[in-house]
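So the chains spell out like this:
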Amino acid sequence: MSAAEDTTDQRSGTATYVYGIVPADVEPEPDAAGVGDPPGSVTAVRHNEVAALVSEIQVGHPLGTPEDLRAHAELLDGSARVAPVLPLRFGAVMTDVDAVTQELLSPHHDEFRSALDELEGRAQYVIKGRYDEPVILREVLSGSPDADRLREEIRDKPEETTRDARIALGEFIEQAIGAKRDADTRTVLDAIGSLAHAVNVRPASHDLDAVHVALLLDVGAREDLEKALADITNEWDGRAEIEVLGPMAAYDFVMKREPEQEG
Amino acid sequence: MTIATQGANGGGELGRPSASGLADVIDTILDKGLVLDAFVRVSIVGIELLTVDARVVVASVDTYLRYAEAVNRLEISENEPTGLPGLVGDVAEGGAKHKTKGAIEAAGEKLSDFLGEVQDRRDENAEKTSKRRER
């Protein structure tokens, strides 16, 4: 006799969240936690030699909390340590487990298998560098007559009267940092050399990014990578901080081949 | 299906705090990876996503003015005795963050503070979430 019954009915449907594609011999750990609240338990849906990592979710319950995002990433990244993984973008949901087999795994089985073969033994790493603002500012300002002139124009004047000069100075800095970023990214990629099987230079995600690149490496290559970066890390001490993320699933290196779009 | 480098078609930029693991996750999993509807036509279920658009345009007049301010702070600090570079750096960075912060970033930062402890624990045990069967 209550409105509660109606709402329950509408919200009781379930669907299947899909994380990624793995070889069929991959077994999620029993305590692997998925998206949703409470976190769904992760299982593998197998079809011949490939499998999809999935969990059940409630329809009508929005996804995308920090816990959901981390659950997606941690499951795939954790799996990428032991097996090749084709990661799906966050938010992939299908009607049920049968649909996963019949519409995703079965029609694309060979495609997935050969992509997984290509990824065998490899995983993604991301290198992020962030400039120390005062240090990089001094670096780009030093020895530039244009910047000196603008700084002179601004110095000790009320803000209202120097807006144009401040914008011009800021634009100069933005471009100069962009040029530093390009040069520093090249330095990093040169240092990595042949360690990387593939490289994706990501767009800067912050004004002060010194470098932001994704690399496809041998899965256990973290130490080699850090060794290759050691000289740069030392040289940049105080100027920019370098962070290495990974191993993670190869998000930057998987894509659907679109026959109609490719030559 | 192919393993290759995705084009640098990222476009928008995401301002975010420097030390947030969540921001790194967002950078990667909302933007990259295989898109389900490239493979499946029928059985896709639309689920409302809370994280719709995490992008903020960074390069703008505001950015330029922020740099000019930072230069101003630099000049002030240059007139002071050296030996406190760490302190000056922190102040500069804090100021910059407030100016460029987007809504999502702000939310992410708060949430990541909140989740920091949990996350630290998870990072320590950053473990294999899957294993492979013996062949």
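To be clear, the structure that these remarks concern was listed above.
Residues numbered from 1 in each chain as written. Chains lettered and ligands numbered in written order. Predicted model: local features only at pLDDT ≥ 70, side-chain atom pairs only at ≥ 80, totals over all residues. Heavy atoms only, no water.

Section: the overall build of chain B
When helices and strands are counted, chain B shows four helices and two strands. The helix and strand sequence of chain B, counted from the amino end, reads β-α-α-α-α-β. Counting the 135 residues in chain B, one finds 40% classified as buried. By sequence separation, contacts in chain B at least 24 residues apart represent 70% of the contacts at least 6 residues apart. For chain B, the accessible area works out to roughly 7800 Å², and carbon and sulfur atoms hold 53% of it. (Helix = DSSP H or I, 4+ residues; strand = E, 2+ residues; numbered from the N terminus. Buried < 20%, exposed > 50% of the residue type's maximum accessible area, 1.4 Å probe, protein only. Contact = heavy atoms within 4.5 Å. Areas by Shrake-Rupley, 256 points an atom, 1.4 Å probe, with all protein chains shown as cover.)

Notes on unusual backbone geometry
Residue and element names in this part refer to chain A. Cis geometry is found at the peptide bond from Asp37 to Pro38, where omega equals 0 degrees. Topologically, Pro38 is positioned in the loop between β2 (26–28) and β3 (43–47). Residue Pro247 is reached from Gly246 by a cis peptide bond, and omega for that bond is 5 degrees. Following the sequence through the fold, Pro247 ends up in strand β10 (residues 240–248). We note that Asn48 has phi near 50 degrees; this positive angle belongs to a residue other than glycine. Looking at where Asn48 falls in the secondary structure, it is placed in the loop between β3 and β4 (50–58). Of note in the backbone geometry, Asp156 takes a positive phi value of approximately 60 degrees without being a glycine. Structurally, Asp156 can be placed in the loop between α6 (145–154) and α7 (163–192).

Some details on the pairing of strand β7 (residues 122–131) of chain A
Residue and element names in this part refer to chain A. Most of β7 is tucked away, with nine of its 10 residues classed as buried. Relative to strand β9 (residues 209–218), β7 runs antiparallel, the two sharing nine bridges. Its bridge partner being in β9, Gly129 is matched across the sheet by Val211. The pairing of β7 with β10 spans seven bridges and is classified as antiparallel. Considered in β10, the bridge of Lys128 is made with Glu243. (Pairing = 2+ DSSP bridges.)

Notes on the nonpolar core
All names here are of chain A. One finds Val18, Ile21, Leu86, Val100 and Leu104 to be the most contacted residues of the largest nonpolar core, which totals 64 residues. Setting aside residues no more than four positions away along its own chain, Ile21 makes contact with Val50, Ala51, Ala52, Pro84, Val85, Leu86, Leu104, Leu105, Phe112 and Leu116. Judged by nonpolar contacts, the second largest core, of 35 residues, contains Leu141, Ala176, Ala221 and Leu225. (Core = buried A, V, L, I, M, F, W, Y, C linked by side-chain atoms within 4.5 Å.)

What about the sheet that holds β9(A)?
Residues and elements named next belong to chain A. Judged by pairing direction, the sheet is antiparallel, and its four strands sit side by side in the order β8-β9-β7-β10 without closing on themselves. With one partner strand each, in any of the chains shown, β8 (198–201) and β10 form the two edges of the open sheet. Averaged over all pairs of adjacent strands, the angle between strand axes in this sheet comes to 20 degrees, irrespective of strand direction. (Axes fitted to C-alpha atoms, helices over the stretch in contact; angles between N-to-C directions.)

Description of the interface of chain A and chain B
Residue-level contacts link 92 residues of chain A with 76 residues of chain B. Summing both sides of the interface, chain A and chain B together bury roughly 8000 Å²; the carbon and sulfur share of this comes to 59%. Here chain A and chain B share nine salt bridges between them. If you look at where chain A meets chain B, you find 27 residue pairs in polar contact (both at pLDDT 80 or more). The element contributing the most residues to the side of chain A that touches chain B is helix α2 (residues 66–80) of chain A, with 10 residues. (Buried area = accessible area lost by both parts, 1.4 Å probe. Salt bridge = Lys/Arg side-chain N within 4 Å of Asp/Glu carboxyl O. Polar contact = N/O pair within 3.5 Å; in protein donor to acceptor, adjacent residues only side chain to side chain.)

A short note on the packing of aromatic side chains
This model, assessed by the stated rule, comprises three aromatic pairs over all chains. Relative to Phe90(A), the ring of Tyr17(A) has its centre 6.0 Å away and its plane inclined at 55 degrees; by these criteria the two rings are tilted. With a gap of 73 residues between them, Tyr17(A) in strand β1 (residues 14–23) and Phe90(A) in the loop between β5 (86–87) and β6 (93–94) connect regions that are remote in the sequence. Per residue, the accessibility class of Tyr17(A) equals that of Phe90(A), and both read buried. Judged by centre distance (5.2 Å) and plane angle (50 degrees), the rings of Phe112(A) and Phe39(B) are tilted. (Phe/Tyr/Trp six-rings, centres within 6.5 Å; stacked < 30°, edge-to-face > 60°.)

Some remarks on the packing of α6(A) against α7(A)
Residues and elements named next belong to chain A. Packing of α6 against α7 leaves a shortest axis separation of 9 Å and a crossing angle of 150 degrees. Between α6 and α7, the angle is such that the two are roughly antiparallel. Where α6 crosses over α7, the handedness of that crossing is left-handed. Facing Ala147, Leu150, Arg151, Glu153 and Ile154 of α6, the residues of α7 in contact are Ala165, Arg166, Ala168, Leu169 and Phe172. (Parallel < 35°, antiparallel > 145°, perpendicular 65-115°, else oblique. Left-handed = near helix turned anticlockwise from the far one by under 90°.)

What about the packing of helix α5 (residues 133–141) of chain A against α7(A)?
Residue and element names in this part refer to chain A. Look at α5 against α7: their axes get within 10 Å of each other, and the N-to-C directions meet at 100 degrees. As judged from the angle between their axes, α5 and α7 are roughly perpendicular. Contacts between α5 and α7 pair Ile136, Leu137, Glu139, Val140 and Leu141 from the former with Leu169, Phe172, Ile173, Ala176, Ile177 and Lys180 from the latter. A per-class count over the contact of α5 with α7 returns nine nonpolar, no polar and two charged. (Nonpolar A, V, L, I, M, F, W, Y, C, P; charged D, E, K, R; others polar.)

Remarks on the pattern of salt bridges
If you walk through the whole model with that rule in mind, you get 21 salt bridges over all chains. With its nearest N and O atoms 3.2 Å apart, the salt bridge here joins Asp25(A) to Arg132(B). In this pair, Asp25(A) is assigned in the loop between β1 and β2 and Arg132(B) in strand β2 (residues 130–132), connecting two distinct chains. We note a salt bridge from Arg202(A) to Asp252(A), for which the minimum N-O separation is 2.7 Å. One end of the pair, Arg202(A), is in the loop between β8 and β9; the other, Asp252(A), is in the loop between β10 and β11 (254–255), and 50 residues separate them in sequence. Take Asp252(A): its relative accessible area is 0%, and that puts it in the buried class. Counted as one network, the salt bridges with shared partners bring together Glu133(A), Asp207(A), Arg66(B), Glu69(B) and Arg73(B).

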